[in-house]
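# A structural walkthrough
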Amino acid sequence: MTEKNFFENVYKNVGKDRLADIPWATLSANIYLLEYLNTQKKVEGKRALVIGCGLGDDALALEAQGYTVDAMDISPTAIALAKERHPTSKTNFYVADIFSMPKASYEAYDFVYEGLTVQSLPREEREKLISIITELVAKNGTLLVYAHTQNDKDNYGGPPWPLYAREFKLFEQNGLKKISEVKEAETKAIAPSKYCMVYKK
Ligand SMILES: C[S@@+](CC[C@H](N)C(=O)[O-])C[C@H]1O[C@@H](n2cnc3c(N)ncnc32)[C@H](O)[C@@H]1O
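Residues numbered from 1 in each chain as written. Predicted model: local features only at pLDDT ≥ 70, side-chain atom pairs only at ≥ 80, totals over all residues. Heavy atoms only, no water.

Before going further, it helps to spend a moment on the nonpolar core. Ranked by size, the top nonpolar core spans 28 residues in total, and within it Ile-98, Val-112, Leu-136 and Leu-143 carry the most contacts. Mapped onto this core, the elements with two or more residues apiece are strand E1 (47-51), strand E4 (109-115), helix H5 (126-136), strand E5 (137-150), helix H6 (165-173) and strand E8 (193-200). Counting residues per element, this core draws most heavily on H5, at 5 residues. Setting aside chain neighbours within four positions, we find Val-112 in contact with Leu-49, Ile-51, Ile-133, Leu-136, Val-137, Thr-142, Leu-143 and Leu-144. Counting 25 residues, the second largest nonpolar core, distinct from the first, contains Cys-53, Phe-111, Cys-196 and Val-198. (Core = buried A, V, L, I, M, F, W, Y, C linked by side-chain atoms within 4.5 Å. Buried < 20%, exposed > 50% of the residue type's maximum accessible area, 1.4 Å probe, protein only. Helix = DSSP H or I, 4+ residues; strand = E, 2+ residues; numbered from the N terminus. Contact = heavy atoms within 4.5 Å.)

Glancing now at the environment of Arg-123. As for its placement among the helices and strands, Arg-123 is situated in the loop between E4 and H5. As for Arg-123 and Glu-167, which are separated by 44 residues in sequence, their C-alpha atoms are 9.6 Å apart. Non-local contacts of Arg-123, meaning those with residues more than four positions away in its chain, are made with Gln-150, Trp-161, Pro-162, Leu-163, Tyr-164 and Glu-167.

Each pocket or cavity is described by its volume, and for the second largest pocket that value is around 180 Å³. Lining the second largest pocket we find 15 residues, and of these Lys-46, Tyr-67, Asp-110, Thr-142 and Lys-200 sit closest to its centre. Where the lining of the second largest pocket is concerned, the elements lending two or more residues are helix H2 (31-38), E4 and E5. It is E5 that contributes the most residues to the lining of the second largest pocket, 4 residues altogether. For the lining of the second largest pocket, the residue count by class is 5 nonpolar, 5 polar and 5 charged. (1 Å grid on protein atoms, 1.4 Å probe; cavity = no way out; pocket = protein on both sides within 12 Å on 5 of 7 lines; lining within 4 Å. Points joined across faces, edges and corners; volume = space filled by probe spheres on them. Nonpolar A, V, L, I, M, F, W, Y, C, P; charged D, E, K, R; others polar.)

Before going further, it helps to spend a moment on the packing of aromatic side chains. Scanning the entire structure with this criterion turns up 8 aromatic pairs. Each ring, one from Tyr-36 and one from Phe-111, has its centre 5.9 Å from the other, and the planes form 45°; the classification is tilted. With Tyr-36 in helix H2 and Phe-111 in strand E4, this pair connects stretches of sequence that are 75 residues apart. Three or more aromatic residues joined by ring pairs make a cluster, and in this case those are Phe-6, Phe-7, Tyr-11 and Trp-24. Over the ring of Tyr-164 we find Arg-166; its NZ or CZ atom is 4.4 Å from the centre of that ring. (Phe/Tyr/Trp six-rings, centres within 6.5 Å; stacked < 30°, edge-to-face > 60°. Lys NZ or Arg CZ within 6 Å of the ring centre and 35° of its normal.)

This paragraph deals with the site of the ligand. Neighbouring the ligand are 17 residues; Tyr-11, Gly-52, Asp-73, Asp-97 and Gly-115 lie closest to it. Within the side chain of Tyr-11, an N or O atom sits 2.6 Å from an oxygen atom of the ligand. About the coverage of the ligand: the protein hides 92% of its 590 Å² of free accessible area. The set of elements that each furnish at least two residues to the shell around the ligand consists of helix H1 (6-14) and strand E2 (68-73). Of the residues that constitute the shell around the ligand, the class distribution is 9 nonpolar, 6 polar and 2 charged. (Near = heavy atom within 4 Å. Polar contact = N/O pair within 3.5 Å; in protein donor to acceptor, adjacent residues only side chain to side chain. Areas by Shrake-Rupley, 256 points an atom, 1.4 Å probe, with all protein chains shown as cover.)

Written as structure tokens, this is what we have:
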């Protein structure tokens, strides 16, 4: 199980000039998110949410698309770093726990981005987590999920715990429709591949 302060400690201990040493940090927006946004028209008056936003680059990509962005993370240091790295951003970076989202945020977001956070949280919490994420997506809204995956018979252990195909299916069982799926070969030992899934409500 991930210890409670695991993420906060990673962000706190790495040092501001060594952010690239954070195992998941690329210091740029996710390439699949950028590719997807490039296929879409700019928007106005729409809201986006970034779950587990880390250093904030994905939020900036959504902001550039025209969204009004909320970007949350459980780590206060990550949020402080995101604000510091993006001083002119209009994104609302804030500290929160995805398991305690207020009811007012349900069905509130036209676009939800989740990259590498579901897989970071213990498997026994996954069903609940996926149900919460699904609830946050507005009617006709879009969810983009980026996560390691493994075959149903594999057991790569964790953390992170790569998602099984049956766990990705939970998004659909909760009422979303999968509109695209890209599988990326992975070079690291976490799991053999990653998925970028796009769902619509
Ligand atoms: C593996 S990192 C991915 C960060 C970012 N999405 C990226 O791709 O660079 C997982 C992130 O989720 C955050 N996180 C972990 N548990 C969380 C929770 N319960 N609620 C909100 N954020 C959480 C961590 O602090 C961390 O920033």
